[in-house]
Amino acid sequence: MKKIVKFGGSSLANAEQFRKAGEIIRSDAARRFVVPSAPGKRYDGDTKVTDLLYRCYETAEKGNDFDNQLKAIKERFYEIIRGLNLELSLEEDFREIRKNFENLAGREYAASRGEYLNGRIMAAYLGYTFIDAKDVVRFREDGSVDMDGTDSLMENALTGIESAVVPGFYGADDTGHVRTFSRGGSDITGSLVARAICADMYENWTDVSGFLVADPRIVDNPVPIETITYRELRELSYMGATVLHEDAIFPVRKRGIPINIRNTNCPDDPGTLIVESTCKKPRYVITGIAGKKGFCSINIEKSMMNSEIGFGRRVLQVFEDQQISFEHIPSGIDTMTVYVHQSEFEDKEQQVIAGIHRLVQPDFVEMESDLALIAVVGRGMKSTRGTAGRLFSALAHANVNVKMIDQGSSELNIIIGVENRDFEAAVKAVYDIFVLTQI
Ligand code: ASP
């Protein structure tokens, strides 16, 4: 049995958290490969080491003295080393980091040092082999990850190794330059290691006991999701549910490796299991609710639109020309609506309208802003009668006006569009009807 365990920044923010992680790792012999993040916030208002590194490097770039900033970062790591009673010196590493900052080795190199140094500490603390991620995670020139290249480098480096620490968040491109993922990217490293060694499980340890059915800032004490499929998770993450980096599912998904989100501070909680597919009946008809504010709709009307072949393609061409991606395109007989992100659209709205007039000669174009989209996701909705009925009557009872409805053929989700100001009430109403008043 081989498990990858990835610990997030808050799970490794100080010596006390490191000890909890150590106990978790030592309590299961299968936890042989560890992927640490950089130290996160120790308390509300604290700064993550990754942010300190970015700031320190900015100072270096401006040609200003960054010694004090680097010293503060060094102190964060020594605080952990002392707290764990480790005999470990990072002096040589910090000398090299200082030199590389002076030589402007790059923002990504700078940010990566948080994971690198925390990895060194973790390896010393556990007595595991340290594997530098720059030798095993391969990036392409354009910043995307080279999955096959990474697979073979990892396989070579990890075969025959009993237990290892591979720092998260970074790797290197073909020229040896250190590259990083986007923020929160250690989740992707965990997934890449799990994939390369064909792990039985990828455990992702964080500071919450898994995914919750709804956002706890909107719904009081939402219940946790026990099991979720990759597809459901993708829908929810896309619509704003955070916990796991959006791209972390791709490497393991292809190999059918489950991910278990666990809480370092409550290690007995089962957390959320993310799987390719499952026969397990979901507890509720819906698995989760997520949503985002800040969308615009562009409503295009033209008589006889239905018989004009190529109409939709030409409309979408206008958006493509302006490099605006669309979210949904509900349509009627003589109407077509395009939902887009307000922030992407606002600056280009007049060009889009002009483009639509030029390419499809509509009767009129009308726009509406400050809209929110809510995704109600659940494999349990498939072939379940009455789901939509319950959903919309709950929204009506909550006095929410529904502006758009979109249900994909997969029956995995129903997307509803409401006004921004109705967003919270709508999420609460959906949660109440499917979870609290479950029949
Ligand atoms: N340390 C990086 C960040 O703060 C990456 C990670 O934690 O996954 O985003």
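Residues numbered from 1 in each chain as written. Predicted model: local features only at pLDDT ≥ 70, side-chain atom pairs only at ≥ 80, totals over all residues. Heavy atoms only, no water.

A. Representation of the overall build of the protein chain within the structure. The helix and strand tally for the protein chain stands at 14 helices and 16 strands. In terms of C-alpha radius of gyration, the protein chain reaches 25 Å, essentially the compact-globule figure of 22 Å for 439 residues. The dimensions of the protein chain, computed from C-alpha atoms along their principal axes, are 75 × 55 × 40 Å. Within the protein chain, buried positions represent 52% of all 439 residues. For the protein chain, restricting intrachain contacts to residue pairs at least 6 apart in sequence, the fraction spanning at least 24 positions comes to 74%. Total accessible area on the protein chain stands at roughly 20,200 Å², and carbon and sulfur atoms take up 47% of it. Computing the positive centroid from 53 side-chain charges and the negative centroid from 65, the protein chain places the two 4 Å apart. (Helix = DSSP H or I, 4+ residues; strand = E, 2+ residues; numbered from the N terminus. Rg over C-alpha atoms; globule rule 2.2 N^0.38 Å. Buried < 20%, exposed > 50% of the residue type's maximum accessible area, 1.4 Å probe, protein only. Contact = heavy atoms within 4.5 Å. Areas by Shrake-Rupley, 256 points an atom, 1.4 Å probe, with all protein chains shown as cover. Lys, Arg positive; Asp, Glu negative; His and termini not counted. Charge placed at Lys NZ, Arg CZ, Asp CG, Glu CD.)

B. Local environment of the pairing of strand 16 (residues 413-419). For strand 16, a buried count of 6 out of 7 residues is recorded, marking the element as mostly surrounded by other parts of the structure. Sheet analysis places strand 14 (residues 364-377) next to strand 16, joined by 7 bridges and oriented antiparallel. Within strand 16, the residue paired with Leu371 across the bridge is Glu419. In this sheet, strand 16 lies alongside strand 15 (residues 404-407) in antiparallel orientation, the contact comprising 4 bridges. By the bridge assignment, Ile405 is partnered in strand 16 with Ile416. Where strand 15 folds back onto strand 16 in an antiparallel hairpin, the turn is made up of 5 residues, including Glu411, whose phi is positive at roughly 55°. (Pairing = 2+ DSSP bridges.)

C. Molecular detail of the site of the ligand. Around the ligand lies a shell formed by Ser37, Lys48, Thr50, Glu115, Phe169, Arg183, Gly184, Gly185 and Ser186. Note that a nitrogen atom of the ligand is positioned 2.7 Å from one of the side-chain N or O atoms of Thr50. Ser186 is positioned such that a nitrogen or oxygen atom in its backbone is 3.0 Å from an oxygen atom of the ligand. Here the ligand, which alone exposes 260 Å², has 92% of that area covered by the protein. Here the shell around the ligand is built from residues that sort into 1 nonpolar, 5 polar and 3 charged. (Near = heavy atom within 4 Å. Polar contact = N/O pair within 3.5 Å; in protein donor to acceptor, adjacent residues only side chain to side chain. Nonpolar A, V, L, I, M, F, W, Y, C, P; charged D, E, K, R; others polar.)

D. Focus on the sheet that holds strand 2 (residues 31-36). Here we have 8 strands laid out as an open sheet, ordered 3-4-2-1-7-9-10-8, and mixed in their pairing. At either end of the open sheet lies a strand with only one pairing partner, and these are strand 3 (129-130) and strand 8 (227-229). Relative to strand 9 (residues 259-263), strand 7 (residues 201-206) is paired through 5 bridges, and the arrangement is parallel. Residue Tyr202 lies in a different strand from strand 9, and its bridge partner there is Ile259. Contacting strand 8, strand 9 and strand 10 (272-275), helix 8 (residues 230-238) crosses the sheet at an angle of about 85° to strand 8. (Axes fitted to C-alpha atoms, helices over the stretch in contact; angles between N-to-C directions.)

E. Representation of unusual backbone geometry in the model. Notably, Phe169 is not glycine yet its phi reads approximately 80°, a positive angle. Relative to the elements of secondary structure, Phe169 occurs in the loop between strand 4 (164-165) and strand 5 (170-172). Backbone geometry at Asn399 places phi at a positive 65°, although glycine is not the residue there. Among the structural elements, Asn399 can be located in the loop between helix 13 (387-397) and strand 15. On the basis of relative accessible area, Asn399 is assigned to the exposed category, the value being 68%.

F. Inspection of the side chain of Arg113 at higher detail. Mapped onto the elements of the fold, Arg113 is located in helix 5 (residues 107-126). Reaching out from Arg113, the side chain makes a polar contact with the side chain of Ser112 at a distance of 3.0 Å. Discounting residues that sit within four places of it in the chain, Arg113 has contacts with Leu53, Phe77, Ile97, Tyr170 and Val178.

G. Spotlight on helix 2 (residues 49-61). Taking 1.5 Å of rise per residue, the 13 residues of helix 2 would be expected to cover 18 Å, and the 18 Å separating its terminal C-alpha atoms lies within 8% of that figure. Every buried residue belonging to helix 2 is among Val49, Thr50, Leu52, Leu53, Tyr54, Cys56, Tyr57, Thr59 and Ala60, and all of these are buried. Remark: Gly63 follows helix 2 within two positions and exhibits a positive phi of approximately 80°. (Expected span 1.5 Å × (residues − 1).)

H. Looking closely at the nonpolar core. Counting 119 residues, the largest nonpolar core has Phe101 and Ile121 as the members making the most contacts within it. Here this core gets 10 residues from one element, more than from any other, and that element is helix 5. In terms of nonpolar packing, the next biggest core, distinct from the first, is built from 16 residues, Ile298, Val315, Val318 and Val360 among them. (Core = buried A, V, L, I, M, F, W, Y, C linked by side-chain atoms within 4.5 Å.)

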